[in-house]
Amino acid sequence: MGRIVSIMTLSAVFALSFGLDAHAATTKADVASYDLANGKAVYDANCAACHAAGIMGAPKTGTARKWTSRLTQSLDTMVQKSIAGYSGDYRGTKTFMPAKGGNPDLTDQEVGNSVAYMVNEVL
């Protein structure tokens, strides 16, 4: 029994030392290099259709609990998924993000600005 407790203790120490810090949470400093005014305009014209209502598993804009686990990713990861598109499973719900929100005319920078705008709304 003593060995099991020791192994569990060491495992917990390892997880706290390395596992939880392995993903740096996205912060206000991360969004600072983006044009949030442009991001809002892009969001209003392209992204709000899904993100305002949470359609297809989209995290609702301004609803922190919907973004919490996503914020453990880097902002760059969220931007890249939004540019390339993403489908997967989030807490038992199928999610789908079309590439560039379904608007191929958007630039990568505009998509990044929009993602940064949405993230900024919950930080």
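Just so it is clear, the structure is predicted and the values come from calculations on it, not from any experiment.

Novice: I would appreciate a short explanation of the packing of aromatic side chains in the present structure.
Specialist: Across all of its chains, the model carries one aromatic pair by this definition. Arranged with centres 5.4 Å apart and planes meeting at 45°, the rings of Tyr43 and Tyr117 form a pair that is tilted. Of this pair, Tyr43 sits in helix α3 (residues 36–51) while Tyr117 is found in helix α6 (residues 108–120), placing the two residues 74 residues apart along the sequence. With relative accessibility at 11%, the residue Tyr117 sits in the buried group.

Novice: It is not clear to me how a nonpolar patch on the surface should be interpreted in this structure. Could you clarify?
Specialist: On the surface, Ile55, Met56 and Phe96 cluster together into a nonpolar patch covering about 280 Å² of accessible area. Looking at the secondary structure, you find Ile55 in the loop between α3 and α4 (64–67).

Novice: It is not clear to me how the side chain of Lys100 should be interpreted in this structure. Could you clarify?
Specialist: Take Lys100: it is sitting in the loop between β2 (93–97) and α6. For Lys100, the side chain forms a polar contact with the main-chain oxygen of Leu106, separated by 2.8 Å. A distance of 3.2 Å separates polar atoms of two side chains, one belonging to Lys100 and the other to Asp108. Not counting residues up to four positions away in its chain, the partners in contact with Lys100 are Ser82, Ile83, Leu106, Thr107, Asp108 and Val111.

Novice: When you look at the nonpolar core in this model, what are you seeing that I'm missing?
Specialist: Side chains that are nonpolar tend, in soluble globular proteins, to be buried together. Core analysis: the biggest nonpolar cluster contains 20 residues, and Trp67, Leu75, Met78, Val115 and Val119 have the highest contact counts within it. For this core, the secondary-structure elements that each account for two or more residues are α3, α5 (75–84) and α6. The greatest single-element share of this core, amounting to six residues, is contributed by α6. Excluding its chain neighbours within four sequence positions, the residues that come into contact with Leu75 are Thr26, Asp30, Val31, Tyr34, Val115, Ala116 and Val119.

Novice: What is the right way to look at the pairing of β2 in this model?
Specialist: Each regular strand carries side chains that alternate between the two faces of the sheet. Strand direction decides the pairing type here: strand β1 (residues 86–90) and β2, joined by five bridges, are antiparallel. When the sheet's bridge partners are listed, Ser87 is paired in β2 with Phe96. Connecting β1 to the antiparallel partner β2 that follows it, the hairpin turn spans two residues, and Arg91 within it adopts a positive phi of roughly 50°.

Novice: How should α6 be read in this particular structure?
Specialist: Within an α-helix, residues lying three or four positions from one another point in the same direction, as the helix has 3.6 residues per turn. A rise of 1.5 Å per residue sets the reference length of α6, with its 13 residues, at 18 Å; its end C-alpha atoms lie 18 Å apart and thus fit the reference within 8%. Counting buried positions along α6 yields ten of 13 residues, so the element is predominantly enclosed. The set of residues buried in α6 consists of Val111, Gly112, Asn113, Ser114, Val115, Ala116, Tyr117, Met118, Val119 and Asn120. Elements in contact with the buried residues of α6: α2 (28–31), α3, α4 and α5.

So, how was this worked out
Residues numbered from 1 in each chain as written. Predicted model: local features only at pLDDT ≥ 70, side-chain atom pairs only at ≥ 80, totals over all residues. Heavy atoms only, no water. Phe/Tyr/Trp six-rings, centres within 6.5 Å; stacked < 30°, edge-to-face > 60°. Helix = DSSP H or I, 4+ residues; strand = E, 2+ residues; numbered from the N terminus. Buried < 20%, exposed > 50% of the residue type's maximum accessible area, 1.4 Å probe, protein only. Patch = residues over 30% accessible without salt bridge, like charges linked within 9 Å, V, L, I, M, F, W, Y side chains within 5 Å. Areas by Shrake-Rupley, 256 points an atom, 1.4 Å probe, with all protein chains shown as cover. Salt bridge = Lys/Arg side-chain N within 4 Å of Asp/Glu carboxyl O. Polar contact = N/O pair within 3.5 Å; in protein donor to acceptor, adjacent residues only side chain to side chain. Contact = heavy atoms within 4.5 Å. Core = buried A, V, L, I, M, F, W, Y, C linked by side-chain atoms within 4.5 Å. Pairing = 2+ DSSP bridges. Expected span 1.5 Å × (residues − 1).

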